[in-house]
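Structural overview for review
Now for the letters of each chain:
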Amino acid sequence: MDGGSAPRGSGIGDLLGQLGSDLAGLMRKESELIRAELSEKVSRAAKAIGDIAAGGLLLVAALLVLLQALVLALSKLMDPIWASLLVGLGVAAVGYLLVRAGMKAISLDGLKPDRTARQLRKDAGLIKGERP
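In short, a report on the structure. Source: prediction; values computed, not measured.

**Concerning the overall build of the protein chain**
Looking only at helices and strands, the protein chain has three helices and zero strands in total. Its helices and strands in sequence order give the protein chain the pattern α-α-α, from N to C terminus. Scored against the burial criterion, the 132 residues of the protein chain give a buried share of 15%. Put simply, 78% of the contacts in the protein chain that link residues at least 6 apart link residues at least 24 apart. As presented, the protein chain carries roughly 9,900 Å² of accessible surface, and 69% of it is formed by carbon and sulfur atoms.

Have a look at this one:
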């Protein structure tokens, strides 16, 4: 009987060792998934920052056009003033919309690693013995 229990014990030990190895591999894969997803989110945030910068540049251009309108107002007094004001306000509106869109895209909810969280829940369910 002792001869029969030793191989059985080493079999369980092997299984436990394999389980530990599999869990370690799973954790490595999950951490790689988190890194990849966060990298994607950071890339998206960088694009949003680019949109904010473009909007800021357009707002500066709008300020220059509005300043030009003031200069024209002093020099010519009528028609060119209104044209410059309309152009300046239009550029300002586009710049504002770009900044607003960029701020919305960079919100903290947009940076959550949703896919990884879903995968971790699935893995936890599998470990508990639940079916997918």
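Having seen the model, we can carry on.
**What about helix 3 (residues 114–128)?**
Taking 1.5 Å of rise per residue, the 15 residues of helix 3 would be expected to cover 21 Å, and the 21 Å separating its terminal C-alpha atoms lies within 8% of that figure. Within helix 3, burial applies to T116, D123 and G125. One or two steps after helix 3, the chain reaches G129, where phi turns positive at roughly 95°.

**Structural notes on a nonpolar patch on the surface**
A cluster of nonpolar side chains, I12, L16, L19, L23 and I127, forms an exposed patch at the surface whose accessible area comes to about 470 Å². Per element, the largest residue contribution to the nonpolar patch is four residues, and it comes from helix 1 (residues 2–76). Relative to the helices and strands, I127 resides in helix 3.

Conventions and cut-offs
Per chain, residues are indexed from 1 in the order of the written sequence. In view of the model being predicted, local features appear only for residues whose pLDDT reaches at least 70, and side-chain atom pairs are presented and counted only at 80 or more, with totals across whole chains, interfaces and linings using the full set of residues. Side-chain descriptors were evaluated using all non-hydrogen atoms of the structure, hydrogens and water having been removed beforehand. By definition, any uninterrupted DSSP run of H or I lasting at least four residues is a helix, any uninterrupted run of E lasting at least two residues is a strand, and each is numbered from the N terminus. Burial classes: relative accessible area under 20% of the type maximum marks a residue as buried, over 50% as exposed, and values in between as partly exposed (1.4 Å probe, protein chains only). We call two residues contacting when some pair of their heavy atoms lies within 4.5 Å. Reported accessibility uses the Shrake-Rupley method at a 1.4 Å probe radius. Residues are deemed covered only where the shown protein chains occlude them. Expected helix span is given by 1.5 Å per residue-to-residue step, counting one fewer step than there are residues. Surface patches are drawn from residues lacking salt bridges whose relative accessible area is over 30%; two like charges belong together within 9 Å, two nonpolar side chains (Val, Leu, Ile, Met, Phe, Trp, Tyr) within 5 Å. Definition used for salt bridges: Asp or Glu carboxyl oxygen within 4 Å of a side-chain nitrogen of Lys or Arg.

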